[in-house]
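Commentary on secondary and tertiary structure
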Amino acid sequence: MFDKLENVVKRFQILESDLSNPELIARQKEYLPLAKEHAEIAPIVEAYQRYKRLHQDIDDNVALLEAEQDSDMRDLIRDEIAQLRDQLERCELELKLMLVPKDPNDDKNVILEIRAGTGGEEAALFAAELFRMYVRYAEQRHWKVELLDSHPTDIGGFKEITAAINGKGAYSRLKFERGTHRVQRIPATESQGRVHTSAVTVAVLPEAEEVDVFIDANDLRIDVFRSSGPGGQSVNTTDSAVRITHIPSGLVVICQDEKSQHKNKAKAMKVLRARLLDQTRSEQEARIAQERKSQVGSGDRSERIRTYNYPQNRVSDHRINLTLYRLEEFLTGDLDGIIDPLITHFQADALRAAGGAEG
């Protein structure tokens, strides 16, 4: 680890020198990527410098302890050494996490897709509640939510709803929401008071820029048609809805929420790029998972990740065996009580994997 850190420091010093060159500042295309790299590794260098200072402070105090004769002073020095070692341990963990390869999508915006699964109308109603939950969470973090497409039901649910969530760190926090969400509650339509189980699937895709995914216009079939709402009622009287089919992959995206055909096409392309990027990544992950299967077994990602139990006011995340009895608050957007432990859990996994790779 320390060899890596020394290399980071050397790179930081080179960047500091380069970025102070007036000629480079004038060449913005070259300057900006270097400035971004400098900003990204500066916290690592700062933490490493703090680590070395703590190490030196411990050495200094150990030397003082060996020379000190007064028992009260020796006790004070021992306390100081213990506190410094605690700080050093925390700093070392922080450095290890900083050196774990960062998910390149963490800073991206999100395309959120929620679909009703088993459970019919009850699943559609829960899909609407999940969407409201994520909107409230986005509001708390000052992210912007833009509705891209929706297929509402007659009684206020959604068969499917797609939205863009734009904001700093959106993907880094919401990526753990992808999977099957199960709800257990008494539906409004249940006359005998029985608890029903329904399911909703959530997809969280990093928004892809044009440079991330190349789409050949010749590979697209674009159809326009008249938008319609629940029950087939006409939303408008022009052919503004857009359906884009990506022929090589077979992916189909429909957007009809805007009255402008141009806006619907732009939104559909945004969703298509995100799905293509996610498809490429999923194929890579599948190949890696297949290689690991004989060693560590397999886990079905389509299995439920979370259960929302209304009678018990309980939300349980099955990946980390965490249960909270505060479902009402959770549904109002107070998600950090589960998202933070999930981040810690997967960071620990990444640290173990990195340690195994180094070994």
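Small disclaimer: the values here were computed from a predicted structure and weren't measured.

What the 8 strands build is an open sheet, ordered β2-β3-β1-β5-β4-β9-β10-β11; its pairing is mixed. Two strands lie at the open edges of the sheet, namely β2 (144-152) and β11 (322-324), each paired on one side alone. Recorded for the sheet is a direction-independent mean angle of 15° between the axes of neighbouring strands. Sheet topology note: the β2/strand β3 (residues 158-166) ladder contains 8 bridges and is antiparallel. Looking at the pairing, S150 lines up with I161 of β3.

Moving on: unusual backbone geometry. A negative phi holds for most residues other than glycine; trans holds for most peptide bonds. Look at H142: it is not a glycine, yet its phi comes out positive at around 60°. Assignment of secondary structure puts H142 in the loop between α5 (120-140) and β2.

Right, let's get into the environment of S240. Examined against the element boundaries, S240 turns out to sit in the loop between β6 (220-225) and β7 (241-246). Classification of S240 by relative accessible area gives buried; the value is 1%. Through-space distance from the C-alpha of S240 to that of H262 is 8.0 Å; in sequence the pair is 22 residues apart.

Regular strands place their side chains on alternate faces of the sheet. Taken across its 7 residues, strand β4 (residues 179-185) has 6 buried, putting it largely inside the fold. Relative to strand β5 (residues 196-206), β4 runs antiparallel, the two being bridged by 7 bridges. Each residue of the ladder has a partner; that of R185, found in β5, is H196. Here β4 pairs with strand β9 (residues 304-309) via 5 bridges, running parallel. Within β9, the residue paired with R182 across the bridge is T307.

Quick look at helix α1 (residues 2-19) now. Look at α1: 25 Å from first C-alpha to last across 18 residues, which is about the 26 Å you get at 1.5 Å a residue. Among the residues of α1, L5, V8, V9, F12, L15 and L19 are the ones counted as buried. Buried residues of α1 fall within an arc of 125° about the axis and therefore sit on the same side. In α1, the exposed residues that point more than 90 degrees away from the buried face are D3, K10 and Q13. Packed against the buried residues of α1 are α2 (22-26), α3 (28-67) and α4 (71-99).

Before going further, it helps to spend a moment on the packing of aromatic side chains. Taken as a whole and assessed by the stated rule, the structure comprises 5 aromatic pairs. Between F176 and F346 the ring centres are 5.1 Å apart and the planes differ by 10°, which places this aromatic pair in the stacked class. With F176 in the loop between α6 (170-174) and β4 and F346 in helix α9 (residues 336-358), this residue pair connects regions lying 170 residues apart in the sequence. Residue class for F176 comes out buried when judged on its relative accessible area of 11%. On the basis of an interplanar angle of 50° and a centroid distance of 6.1 Å, the ring pair of Y308 and F330 is categorised as tilted. Taken together, the residues span a long stretch of sequence, with Y308 in strand β9 and F330 in helix α8 (residues 327-331) at a distance of 22 residues. One aromatic cluster is present, built from ring pairs that chain together F126, Y308 and F330. Residue placement shows R185 over the ring face of Y310; its charged tip is 4.8 Å from the ring centre.

Quick notes on the rules
- Residues numbered from 1 in each chain as written.
- Predicted model: local features only at pLDDT ≥ 70, side-chain atom pairs only at ≥ 80, totals over all residues.
- Heavy atoms only, no water.
- Pairing = 2+ DSSP bridges.
- Helix = DSSP H or I, 4+ residues; strand = E, 2+ residues; numbered from the N terminus.
- Axes fitted to C-alpha atoms, helices over the stretch in contact; angles between N-to-C directions.
- Buried < 20%, exposed > 50% of the residue type's maximum accessible area, 1.4 Å probe, protein only.
- Expected span 1.5 Å × (residues − 1).
- Arc of directions from axis to C-beta.
- Contact = heavy atoms within 4.5 Å.
- Phe/Tyr/Trp six-rings, centres within 6.5 Å; stacked < 30°, edge-to-face > 60°.
- Lys NZ or Arg CZ within 6 Å of the ring centre and 35° of its normal.

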